[in-house]
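Examination of the molecular architecture
This is what each chain is made of:
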Amino acid sequence: GAVVSQHPSRVICKSGTSVKIECRSLDFQATTMFWYRQFPKQSLMLMATSNEGSKATYEQGVEKDKFLINHASLTLSTLTVTSAHPEDSSFYICSARPFTGGKYNEQFFGPGTRLTVL
Amino acid sequence: AQSVTQPDIHITVSEGASLELRCNYSYGATPYLFWYVQSPGQGLQLLLKYFSGDTLVQGIKGFEAEFKRSQSSFNLRKPSVHWSDAAEYFCAVAPGGANNLFFGTGTRLTVIP
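Rules used in this analysis
Residues numbered from 1 in each chain as written. Chains lettered and ligands numbered in written order. Predicted model: local features only at pLDDT ≥ 70, side-chain atom pairs only at ≥ 80, totals over all residues. Heavy atoms only, no water. Core = buried A, V, L, I, M, F, W, Y, C linked by side-chain atoms within 4.5 Å. Buried < 20%, exposed > 50% of the residue type's maximum accessible area, 1.4 Å probe, protein only. Helix = DSSP H or I, 4+ residues; strand = E, 2+ residues; numbered from the N terminus. Contact = heavy atoms within 4.5 Å. Disulfide = S-S within 2.5 Å. Phe/Tyr/Trp six-rings, centres within 6.5 Å; stacked < 30°, edge-to-face > 60°. Salt bridge = Lys/Arg side-chain N within 4 Å of Asp/Glu carboxyl O. Polar contact = N/O pair within 3.5 Å; in protein donor to acceptor, adjacent residues only side chain to side chain. Nonpolar A, V, L, I, M, F, W, Y, C, P; charged D, E, K, R; others polar.

Looking now at the nonpolar core. Residue and element names in this part refer to chain B. By size, the foremost hydrophobic cluster in this structure holds 27 residues, and its most contacted members are Trp35, Leu48, Phe74, Leu76 and Tyr89. Within the residue set of this core, elements represented by two or more residues are strand 2 (10-14), strand 3 (19-21), strand 5 (32-38), strand 6 (44-50), strand 8 (64-68), strand 9 (73-78), strand 10 (87-94) and strand 12 (107-112). Sort the elements by how many residues they give to this core and strand 10 lands first, with four residues. When neighbours within four sequence positions are excluded, tyrosine 89 is seen to be in contact with Gln6, Leu21, Trp35, Tyr36, Val37, Leu47, Phe63, Leu76, Gly106, Thr107 and Leu109.

This part is about the state of the cysteines. Joining two cysteines, a disulfide is a covalent bond between their sulfur atoms. This model, assessed by the stated rule, comprises two disulfides over all chains. Here A:Cys23 is linked by a disulfide to A:Cys94, with a sulfur-sulfur distance of 2.0 Å. Taking the sign of the S-S torsion, about 80° here, the bridge from A:Cys23 to A:Cys94 comes out right-handed. You can see A:Cys23 sitting in strand 3 (residues 19-25) and its partner A:Cys94 sitting in strand 9 (residues 90-98), a full 71 residues away along the chain. A:Cys94 sits in the buried class, given a relative accessible area of 0%. Note that B:Cys23 is cross-linked by a disulfide to B:Cys91, the S-S spacing being 1.9 Å.

Next up on the list: the packing of aromatic side chains. On inspection of all chains with the given rule, the structure shows 16 aromatic pairs over all chains. Arranged with centres 5.8 Å apart and planes meeting at 50°, the rings of B:Tyr36 and B:Phe103 form a pair that is tilted. With B:Tyr36 in strand 5 and B:Phe103 in strand 11 (residues 102-103), the pair connects residues that are 67 residues apart, well separated along the chain. Side by side, B:Tyr36 and B:Phe103 carry an identical accessibility label, which is buried. Here the aromatic cluster, defined as three or more aromatic residues joined through ring pairs, consists of A:Phe34, A:Tyr36, A:Phe109, B:Tyr32, B:Phe34, B:Tyr36, B:Phe51, B:Phe90 and B:Phe103.

Below, the discussion takes up the pattern of salt bridges. All names here are of chain A. One pass over the full model with this rule turns up seven salt bridges over all chains. One salt bridge in this structure joins lysine 66 and aspartate 88, with 2.9 Å as the shortest N-O distance. With a gap of 22 residues between them, lysine 66 in the loop between strand 6 (57-58) and strand 7 (67-73) and aspartate 88 in the loop between strand 8 (76-81) and strand 9 connect regions that are remote in the sequence. Across the pair, aspartate 88 and lysine 66 agree in class, each one buried.

Take the interface of chain A and chain B next. On the chain B side, the residues contacting the 19 residues of chain A number 21 residues. Taken together, chain A and chain B are joined by one salt bridge. B:Lys49 is paired through a salt bridge with A:Glu106; the nearest N and O atoms lie 4.0 Å apart. For the pair chain A and chain B, the number of links is three residue pairs in polar contact (both at pLDDT 80 or more). Elements represented by at least two residues in the side of chain A that touches chain B include exactly strand 4 (30-38), strand 5 (44-51) and strand 9 of chain A. Looking at the side of chain A that touches chain B residue by residue, the class counts come to nine nonpolar, seven polar and three charged.

Structural data, given as C-alpha cells:
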C-alpha cells in the first residue's frame, strides 16, 4: 500500500515551453501533497505544499507564477513549470500524505521526474 | 539557525563491514526524526523513524538508529553492509512534530567488494 506515482519519469523540453508533471496517490487519498526539487548531489528542497481544493503554499523564494500547482482531487496533484529555462532543469519529487487522524501523518514519496530544459 | 546536518558527504565501506551515518539537528524541541534511502534516479524510501520512547529504533533492511538527546543526534547504523545498500541516505526532521519535513544534505554510500 501507500504507492505514489509520477508521470513522466523523464522529460526533455525546449527553453520557453511549459511542462506538466503529475503526482498520483494510487491506493490512498492524499489530503496534502508536497513538491520538492533536488539538484544534483544535493538534498531535497521543499517547493510547495498543496491541500486538496485550496491554493498551494509556496516556500520562500519559489515563484508561484512559474511553478503552478493544482491539487484538484484527493489522488492527483500537478506541477506545471511555465516558460521553462535551463536553470529549471532538476529532479522533481512529489510526496503525498493521507490524513489518518494520528499525531503525525507519514509522507509517501513518488519516484521523481527528471526535467531537462535545452 | 534551524538545520539538519549530515557531516559525511561520501562514505565508502567494504561489503560485510559495519556502517554508521551521522546526523545532527538543531531545533528547539525534539523533532520527529527520520532516515530515508534514495537509489539513483528513484524516490525516497523510509528506513525508520523516531517519535518518542525507546531511543534505539529498528528499521527495514537491517538498519537501526539511535536518538541521543544530549548530542542532538540520530545516527544510522547497520552491522553488516550489503552491496545493495549502496545509495544516498538522507536524514530528515519534522520540527516540533510538524508535518513538514526538512532534509539533510545526504550521505552517499559506496560499497566495495
